[in-house]
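# An overview of the molecular structure
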Amino acid sequence: MRAVLGVGGGIAAYKAAELARALMERGFAVQTVMTAAAQEFITPLTFTSLTGQKTITSLFARESAEGTLASAVEHIGVAQGADLLVVAPATADLLAKFAHGLAGDFLSTMYLAFTGPVVLAPAMNTAMWEHAATRANLETLRRRGHVIVDPQDGLLACGTVGPGRLAGIDAIAGAAVEAVGLRRDLEGETVLITAGPTREPLDPVRFVSNRSSGKMGYALAEVAARRGARVLLVSGPVALEAPAGVDVVRVETAGEMHDAVMERIEEATIIVKAAAVADYHLSHVPTHKMKKTAMRLSLELDPTPDILAEVGQKKGDRLLIGFAAETDNLVEEARRKLRTKKCDMVVANLVGGEHTAFESDENEVVLVMSTGETAPLKRAAKREIAGEIFDHALKLRLALHAAQ
Ligand code: CTP
């Protein structure tokens, strides 16, 4: 497999040298393309020495390794010869160029000529990362099917603390491996995933809901699809785009989510209940808007169906993964849910106070398995956590079959 490693001009450019090596360890032949700005941070010689292939540094009038002038159409040849393009660090400037199709240097020109999988690992200052322009560019690139390996939170070179630090080298190299389809270990599986909150109406204009953003469930759907699964995503109301290649069924209430899940359970081989389902609802929603009075108002709420518990009863040999959001006694509570709801795995995360994962792009969880094992996963982007959940799920299924 041949990878082109595009290096942008950011302080994280030095980490791209380590990435070049990590890609080679995973079986890629690596050719590096550096932007002019990247060469201010690290020299082409570093990459040429590590990869054994000449590093491309400009679009025109370059000396090739053999001392001859390279062709001005070399970007086409490089694009056609590559199986994968990985860009790290992908600066705000590169993301903007790619999103808008600008082609003023070798890397952006090669990007336009390249039709294979693209993995982008952004790194930049937090304010730049959070700027509406960058968000919009990322959205465009995601919709185009590119894999974005989100940056981590941490202390940045500019002295601020926040998201913007280049993702871990293993995470980027892992995404590269998956992007070229080296890893299609969920092929043949149908993964049914629930995501987001539910919304329980109180009258025609008001509802009770919760802070779930749906990001964890959508990350699971995206990763499962990338690893070859057929994915059925039952989603509560969220502001997220459907990941590429995923069938989305949109629902509002716990009742609707219940029906959508029960209709699809037969087709599934793995069921992941990441949704934050409301536990109570108003059974009889008034058809007219409630009027304000000076009196105290009490509402009598009835329990919603516990979807996870019902799936647990009907699951047969399907692998069932539940979620538990807890403020205390994380692992004990997860074990209790695992038993009472007949799950094979519970993904437990601490919520409340500084631990809230609801609107974050990152999460920190403990996987509690029916075999009695636990696996704490360190804080990481939700897509990375999603990948690890499936890694553990596949191992768990093998262990459960072996024990039968
Ligand atoms: N869940 C569900 N149906 C419900 C409530 C929860 O399927 N009506 C699922 C969630 O999707 C999640 C798991 O149950 O996978 C745990 O959700 P959580 O709210 O933490 O648990 P509860 O059942 O509400 O348990 P408790 O109130 O005892 O903490």
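Residues numbered from 1 in each chain as written. Predicted model: local features only at pLDDT ≥ 70, side-chain atom pairs only at ≥ 80, totals over all residues. Heavy atoms only, no water.

## Examining the overall build of the chain
Each helix and strand in the chain was counted, giving 14 helices and 19 strands. Taking 404 residues into account, the globule formula puts the C-alpha radius of gyration at 22 Å, and the chain, at 24 Å, falls close to it. Across its three principal directions, the C-alpha atoms of the chain cover 85 × 60 × 35 Å. Total accessible area on the chain is roughly 18,800 Å²; 53% of this is exposed by carbon and sulfur atoms. (Helix = DSSP H or I, 4+ residues; strand = E, 2+ residues; numbered from the N terminus. Rg over C-alpha atoms; globule rule 2.2 N^0.38 Å. Areas by Shrake-Rupley, 256 points an atom, 1.4 Å probe, with all protein chains shown as cover.)

## Some details on the nonpolar core
Nonpolar side chains in soluble globular proteins tend to end up buried together. Within the largest apolar cluster, 37 residues are counted, with the highest numbers of intra-cluster contacts made by L220, V272, M345, L367 and I389. It is helix α10 (residues 215–226) that contributes the most residues to this core, eight residues altogether. Setting aside residues no more than four positions away along its own chain, M345 makes contact with L320, I321, G322, L338, L367, V368, M369, I389, H392, A393 and L396. Counting residues in each nonpolar core, the second largest holds 36 residues, with A16, A38, V86 and V149 among its members. (Core = buried A, V, L, I, M, F, W, Y, C linked by side-chain atoms within 4.5 Å. Buried < 20%, exposed > 50% of the residue type's maximum accessible area, 1.4 Å probe, protein only. Contact = heavy atoms within 4.5 Å.)

## Things to note about the site of the ligand
Around the ligand there are 17 residues in total, and K273, A275, L308, F323 and K341 lie nearest to it. Take D279: an N or O atom from its side chain is 2.9 Å from an oxygen atom of the ligand. Contact between the ligand and T304: a nitrogen atom at 3.3 Å from a side-chain N or O atom of the residue. If the ligand stood free it would expose 580 Å²; the protein chains cover 79% of that surface. Listed by contribution, the elements that provide at least two residues to the shell around the ligand are α12 (307–314), β16 (319–326) and α13 (330–340). Along the lines of polarity and charge, the residues of the shell around the ligand split into nine nonpolar, two polar and six charged. (Near = heavy atom within 4 Å. Polar contact = N/O pair within 3.5 Å; in protein donor to acceptor, adjacent residues only side chain to side chain. Nonpolar A, V, L, I, M, F, W, Y, C, P; charged D, E, K, R; others polar.)

## With respect to the sheet that holds strand β4 (residues 118–122)
Spatially, β2-β1-β3-β4-β5 is the arrangement adopted by the five strands of the open sheet, whose pairing is parallel. The strands lining the two open edges of the sheet, one partner per strand, are β2 (29–34) and β5 (147–148). Where strand β1 (residues 2–7) and strand β3 (residues 84–90) come together, four bridges link them in parallel fashion. Within β3, the position partnered with L5 by the bridge is V86. Seen against the sheet, helix α5 (residues 92–100) touches β3 and β4 and runs at an angle of roughly 140 degrees to β3. (Pairing = 2+ DSSP bridges. Axes fitted to C-alpha atoms, helices over the stretch in contact; angles between N-to-C directions.)

## A word on the packing of α5 against helix α8 (residues 132–143)
The contact between α5 and α8 brings their axes to 9 Å, and the two run at 50 degrees. Considered as vectors, α5 and α8 are oriented oblique to each other. Considering how the two elements wind past one another, α5 and α8 form a crossing that is left-handed. Here α5 contributes A92, L95, A96, F98, A99 and H100 to the contact with α8, which in turn contributes T134, N137, L138, T140 and L141. (Parallel < 35°, antiparallel > 145°, perpendicular 65-115°, else oblique. Left-handed = near helix turned anticlockwise from the far one by under 90°.)

## Section: the sheet that holds strand β8 (residues 190–195)
The eight strands are arranged β12-β11-β8-β13-β16-β17-β18-β19 in an open sheet whose pairing can be described as mixed. Each edge of the open sheet carries a strand with a single partner, namely β12 (246–250) and β19 (374–381). Here the average twist between neighbouring strands, direction ignored, is 20 degrees. The pairing of β8 with strand β13 (residues 270–273) spans four bridges and is classified as parallel. When the bridges of β13 are listed, I193 appears paired with V272.

## Observations concerning the confidence of the model for the chain
For any part of a model where pLDDT is low, the fine detail of the predicted coordinates should not be relied upon. Per-residue pLDDT for the chain averages 92, and the proportion of residues at 70 or more is 96%. Here residues 64–69 scores under 50 on pLDDT; set against residues more than four positions off or in separate chains, the count is six contacts. (pLDDT = per-residue confidence, 0-100.)

## Digging into the side chain of R264
On the secondary structure map, R264 appears in helix α11 (residues 254–264). Polar side-chain contacts of R264 include one of 2.9 Å to the backbone oxygen of A260. The contacts of R264, once residues within four sequence positions are left out, are L192, L232 and V249.

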